[in-house]
Amino acid sequence: MSDLEDLYREIILDHYRSPRNSGELEPPAHKAEGFNPLCGDEIVVYLLLGDDGTISDIKIGGQGCSISQSSASMMSAAVKGKTPEQARELMTSFKGLMSIAEKGEELAEPTPAEIRELGDLAALRGVVKFPTRIKCATLGWNTLDEALTAVAEGT
Amino acid sequence: MSDLEDLYREIILDHYRSPRNSGELEPPAHKAEGFNPLCGDEIVVYLLLGDDGTISDIKIGGQGCSISQSSASMMSAAVKGKTPEQARELMTSFKGLMSIAEKGEELAEPTPAEIRELGDLAALRGVVKFPTRIKCATLGWNTLDEALTAVAEGT
Amino acid sequence: MSPGPDFAALKKDFPILATERHGKPLVFLDSAASSQRPTQVLDAMDYSYNNAYANVHRGVYGLAEAATNAYESARLKVARFIGAPDSSEIIFTKNATESLNLVAASWGRANLGPSDAIVLTVMEHHANIVPWQMLQAEKGFEIRWIPLGDDGKLDLSNIDTLLDGAKLLSFATMSNVLGTINPVEQLVKAARKAGAVVCLDACQSVPHMPTNVADMDADFVAFSGHKMLGPSGIGVLWGRMELLEAMPPFLGGGGMISHVTTEGFMPDAVPSKFEAGTPPIVEAVGLGAAIDYLEAIGMENIRQHEIELTAYAQRTLKEKLGDAITIHGPSEPSERGGVLSIELQGVHAHDISQVLDSHGVAVRPGHHCAKPLMQELGVNATARASFYLYNDTSDVDALADALAEALSFFAI
Amino acid sequence: MSPGPDFAALKKDFPILATERHGKPLVFLDSAASSQRPTQVLDAMDYSYNNAYANVHRGVYGLAEAATNAYESARLKVARFIGAPDSSEIIFTKNATESLNLVAASWGRANLGPSDAIVLTVMEHHANIVPWQMLQAEKGFEIRWIPLGDDGKLDLSNIDTLLDGAKLLSFATMSNVLGTINPVEQLVKAARKAGAVVCLDACQSVPHMPTNVADMDADFVAFSGHKMLGPSGIGVLWGRMELLEAMPPFLGGGGMISHVTTEGFMPDAVPSKFEAGTPPIVEAVGLGAAIDYLEAIGMENIRQHEIELTAYAQRTLKEKLGDAITIHGPSEPSERGGVLSIELQGVHAHDISQVLDSHGVAVRPGHHCAKPLMQELGVNATARASFYLYNDTSDVDALADALAEALSFFAI
Ligand SMILES: Cc1ncc(COP(=O)(O)O)c(C=O)c1O
Ligand SMILES: Cc1ncc(COP(=O)(O)O)c(C=O)c1O
């Protein structure tokens, strides 16, 4: 499999062509916007928490390349129904897959269990070979992170 | 004769060691200060015009290298008793010797008559081979020029 | 293709163009971001470092004099190259961005107040927007925008109203996204009528066509060395002497003063006043060598070559990709530079560039530092292919083929 | 001379040191103004230009990624070299002067007002004076000066009074005129006690001795590439992350924004926020190669070599020139760098340098961009000889001989 095919796996193209949870949510849903300053990609994350504290609804807006769009789409599917803590754990696993260590943490490859947990998202691992695309793959996650912070701070 | 000896002719060293017209003049004499930003050399020109409009007295202050000091010394001797116009003509001849054209003028080598007029100053022609030293040789003249302008404007 | 110089033979002067990507010959189509450089330029810089290097201006020993002469000759070359009346009007900066910031921070901070207005165009590069917005936050003047019209050109129907009472007009001579060559003469005339100072962002035109700042009748002209076969790390600001003399200094430090005490300082004359610190000495030498190289070919010839290449590209891409491709900017090649911003149906610019790279073709995706223009165009990214003297029709063919591949790769 | 690396063998890495002046081998003693550079540095830059050059950050094709990686690796190297906790704290500028102007224009403009005070020393380079005087003219704060004491050292007897209520202390780690190594630890402690931010002009120390910004406990540290075997056209500012994050941008343009509309802009994160426009890409690569070269020798070894050379020079010059020579600065070699400011009885610095040049010896005459210090010393120019790793005792001998010649040439 060439690097290019490894990057653009079928499942990625599928999410790109038919993005899950595309759209907007009205307030009281929380909204966060993320920009990739390098290429102009934009992701908007709309987030609603249910009474049980889990993510009851999430919608994705904005425009971007196949990697940023599919990654956000997969993310939305993966975090729906999860608590903010669980969503953040998933984010850390995903960033591990992207070879990104959070400040002060050791870089850790995700364990097989974590990869199973990532599901479709694991298909994005080919991105690692294209460092500038890592920012595309993580844009949605960073925007989700902001939305979760906004929720926690009640802003 | 080596370039160095051509630069430092005996007459130059003589003016350096025994500068002519060294000192200060009190007001109503006019005063102008010149700096060579490259090396820190300073020349102060004190100028007094007589009733006949000629330079009746001139004194040189400041500190600097053999070239700037000797050039200013020679200049002071050369312009004393001259009218401002004559002093400026001499300056143009001297700058010609230094291969400097005034803005908008063609670069003109001084004529033999002009060189005779320059007297001791002609000994500075070896400076031309050392472009950064040209600024030393002309510092006194540029300061004189400012002093003459100050006189003309009555400031 | 064109009479005159043998453009096909130039490629061999650029060693990087003989390298490969993924086993395919490199097809470099990103000169609008930064050009490559010929051996002659690198040789001139290495020669300087190995034979005539010292800090400039402040030394009297031979090496310092040789370095100073080399640096000042570069200033003379730049002046001649752009038709500057006086070489002291050439200020070396680190890039065009610094040149434009210099104009904003020095001329702008001294001349703009809360009741003033300046005029920009919506097709400006961020380098000609953000410095003004930063100053606006401090001084509170109005920024007016010349809008986009048809065919990637400016809409000048309201130009006199926009310029009315404005103190400055600043615009790009050529858009780095659309390739549009803006009507300098018309704009400068309108600005003069309104009494506005004129600043030109000439980053995209100076490398690609003859430039004469005196004919253009501008007050400031900014451009970068790295887009015109020169090294990174050097830019140029040309300014009209009366303005430069009246302006306060920009950065403070060594080389820009005539005197300093603990009480204050006196600035040196122009251009030293604006060149604080050790300048890009050898970068200036490299830029001088780049100018020698460009002049040997001839700027008219380069312009002609790029017009022909652009026409060929427009034709070829349309033939090969039909309705799936959109090429932004003026349709008439003589009204534009060789900068093609491409959209491909269903394929994001980022993905185009990625697929093209796997075919050895280097094009740049993104907003090209012109976000307000992108918003105007209603796109968030384009894939930009840009040409220079070393490109030829084979590069265009490779681009067309690779775009076709990208289209089929992402086809549903 | 010293154990460890074979310094005598290093000269061959510097092609310019094998050139001649007036038929005499070049003796280069002006590294305090700008150093020479080894083949390794030029090779690294040529390699970049010929194999991995494109504009950085904004491309996804392979060449752009390679260039970005090279540029960012240089940032990592600089960070490691000076012990920066986080490589994002490294900002690439065009020279140390720009680095210091950045601190003044960004931190200073945001933090200093009419009732504030900052503290400098009288031995500062103009680069650490004029930016503050320019801002002072705008904001009207007070500048206090640490005076000169004995033996070319600062007089710190009133340091607490001077720092009382001051918002900033900015000083040179090593004087470029006297060679004095200032007591960073003592000064920083005093500044911390007073609650002042600390900015270090480390131009003369970073190239010559081990540096650890974390240990120094400073807030800003500025230096230049061209004084440490790197190319011209690049400087560095290290800053403490909290401060950098809170500071407004310095220059505006491409690469420093996360979003721009016609209404305004949002700056990008540090360090991009402070790197507007195309950065000195290949210059960073060259600086990285210079750091590799320096680290291979070892900064401790370089420091030791220069202490020994300075001691040898002090001895030799006194022996040869006796009372006719004055060497400014601390007498104890371990308290100073290899920068010797020389006065020769009856011979002006300019003339010394001229005569020395005819013997192949390159030393710099002048005020060395430190006019307030010169005034303090009561001289208008000195002839400065400065050493680096490629100098050896034979260079000192040549200097001594040439000075003796100058003395006899000008003897009455
Ligand atoms: C039109 C235009 N203006 C300004 C710039 C900024 O140039 P630099 O990055 O060299 O400062 C560029 C290039 O990126 C440009 O294309
Ligand atoms: C102590 C000191 N500070 C600042 C500078 C300025 O460095 P640059 O000219 O590289 O900006 C120098 C060098 O000239 C210096 O020696």
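The helix and strand tally for chain C stands at 14 helices and 17 strands. Seen along its three principal axes, the alpha-carbon backbone of chain C occupies a region of about 70 × 55 × 35 Å. Counting only residues that meet the buried cut, chain C has 68% of its 412 residues in that class. Residue pairs at least 24 apart in sequence account for 71% of intrachain contacts in chain C once pairs closer than 6 positions are excluded. Carbon and sulfur atoms form 50% of the exposed surface of chain C, whose accessible area is close to 12200 Å².

Right, let's get into the overall build of chain A. Helices and strands together make up the secondary structure of chain A, namely six helices and three strands. Along its sequence from the N terminus, chain A presents helices and strands in the succession α-α-β-β-β-α-α-α-α. In terms of overall dimensions, chain A is globule-like: its C-alpha atoms have a radius of gyration of 15 Å, near the 15 Å expected for 155 residues. Of the contacts formed within chain A by residues at least 6 apart in sequence, a portion of 64% connects residues at least 24 apart. For chain A, the exposed area adds up to about 7000 Å²; of that, 48% sits on carbon and sulfur atoms. In chain A, which carries 15 positive and 25 negative side-chain charges, the distance between the mean positions of the two groups comes to 4 Å.

This next bit is on the sheet that holds strand β2 (residues 42–49) of chain A. All names here are of chain A. Taken in spatial order, the three strands line up as β1-β2-β3 in an open sheet, and their pairing is antiparallel. Strands with a single pairing partner mark the edges of an open sheet, and in this sheet they are β1 (30–35) and β3 (55–63). This sheet shows a mean twist of 20° between the axes of neighbouring strands, independent of strand direction. Examined bridge by bridge, β2 and β3 share eight bridges and lie antiparallel to one another. Residue pairing across strands places valine 45 opposite isoleucine 60, the latter belonging to β3. Against the sheet, helix α6 (residues 131–153) makes contact with β1, β2 and β3, and its axis sits at roughly 40° relative to β2, the strand it touches most.

What follows concerns the interface of chain D and chain C. With 87 residues of chain D at the interface, the matching set in chain C holds 87 residues. Buried surface at the junction of chain D and chain C, both sides included, amounts to about 6900 Å², of which 59% is carbon and sulfur. At the junction of chain D and chain C, the tally comes to two salt bridges. With its nearest N and O atoms 2.9 Å apart, the salt bridge here joins C:Lys94 to D:Glu98.

Least-squares fitting of chain D to chain C yields an RMSD of 0.0 Å, with the superposition described by an axial translation of 0.0 Å and a rotation of 180°. Taken together, the rotation and translation describe the operation of a two-fold axis. Rotation axis and chain D: the residue whose C-alpha lies nearest the axis is D:Gly233, separated from it by 2.8 Å. Interface overlap between copies: 100% of the residues of chain D at the interface are likewise at the interface in chain C, consistent with a symmetric, same-surface contact.

A word on the confidence of the model for chain C. Looking at chain C, the pLDDT average stands at 96 and 99% of residues meet or exceed 70. Reported for the predicted complex are a pTM of 0.95 and an ipTM of 0.93.

Summarising the chain contacts, five pairs of chains touch, and the pair with the most contacts is chains C and D. No part of chain A reaches chain B; the closest C-alpha pair between them is 43 Å apart.

Turning our eyes to something else, we now look at the interface of chain B and chain C. Listed per partner, the contact involves nine residues of chain B and 11 residues of chain C. Between chain B and chain C the total buried area reaches about 810 Å² when both faces are included, carbon and sulfur atoms providing 60% of it. At the junction of chain B and chain C, the tally comes to zero salt bridges. The element best represented in the side of chain B that touches chain C is helix α6 (residues 131–152) of chain B, accounting for three residues.

Let us look at the site of ligand 1. Near ligand 1, the surroundings consist of 14 residues, among which C:Thr97, C:Asp201, C:Ser224, C:His226 and C:Lys227 are the closest. With respect to ligand 1, its neighbouring residues span chains C and D. Here C:Ala96 contributes a backbone N or O atom positioned 3.3 Å from an oxygen atom of ligand 1. The side chain of C:Ser224 places a nitrogen or oxygen atom 2.5 Å from an oxygen atom of ligand 1. Contact with the protein chains covers 97% of the free accessible surface of ligand 1, which is 390 Å².

A few words now on the nonpolar core. Judged by nonpolar contacts, the single largest core of 235 residues is most densely connected at C:Phe92, C:Phe220, C:Leu389, D:Phe92, D:Phe220 and D:Leu389. Apart from the residues lying within four places of it in its own chain, the contact partners of C:Phe220 are C:Val103, C:Trp107, C:Val197, C:Val198, C:Cys199, C:Leu200, C:Leu237, C:Trp238, C:Gly239, C:Leu243, C:Leu244 and C:Met247.

Rules behind the numbers
- The numbering scheme is per chain: residues are counted from 1 as the chain's sequence reads.
- Throughout, the order in which chains and ligands are written sets their labels, letters from A for the former and numbers from 1 for the latter.
- At least 70 in pLDDT is required for a residue's local features to be given in this predicted model, at least 80 for side-chain atom pairs to be given and counted, and no such filter applies to totals for whole chains, interfaces and linings, which use all residues.
- The side-chain quantities take in all heavy atoms of the structure and omit both hydrogens and water.
- Secondary structure elements are defined from DSSP: runs of H or I of at least 4 residues count as helices, runs of E of at least 2 residues count as strands, and each element is numbered from the N terminus.
- For the exposure calls, accessible area comes from a 1.4 Å probe over protein chains only, and a residue counts as buried if that area is under 20% of its type's maximum, exposed if over 50%, partly exposed in between.
- Note on definitions: a residue-residue contact is assigned when non-hydrogen atoms from the two residues lie within 4.5 Å.
- To measure how exposed things are, a 1.4 Å probe is used in the Shrake-Rupley method; for residues, cover is taken only from the protein chains shown.
- Our radius of gyration is a C-alpha quantity, and the globule rule it is checked against amounts to 2.2 Å times the number of residues to the power 0.38.
- Under the counting rule used here, the positive set is Lys and Arg, the negative set is Asp and Glu, and His together with the chain ends is not counted.
- For this purpose, a charge sits on NZ of Lys, CZ of Arg, CG of Asp or CD of Glu.
- At least two DSSP bridges between two strands are needed for those strands to be called paired.
- To obtain each axis, a line is fitted to C-alpha atoms, and for helices this fit is confined to the stretch in contact; angles are then taken between N-to-C directions over 0 to 180 degrees.
- When two parts are put together, the accessible area they lose, computed with a 1.4 Å probe and summed over both, is reported as buried area.
- One side-chain nitrogen of Lys or Arg within 4 Å of one carboxyl oxygen of Asp or Glu is enough to make a salt bridge.
- The superposition of copies rests on a least-squares fit of C-alpha positions from residues with pLDDT of 70 or more in both.
- Summary of the metric used: pLDDT quantifies the predictor's per-residue confidence within the range 0 to 100.
- Note on terminology: near, applied to a residue and a molecule or strand, indicates that one of the residue's heavy atoms is within 4 Å of it.
- What qualifies as a polar contact is a pair of N or O atoms within 3.5 Å, subject to a donor-acceptor requirement within protein and to the restriction that residues adjacent in sequence count only when both atoms come from side chains.
- Take the buried residues of types Ala, Val, Leu, Ile, Met, Phe, Trp, Tyr and Cys, join any two whose side-chain atoms come within 4.5 Å, and each joined set is a nonpolar core.

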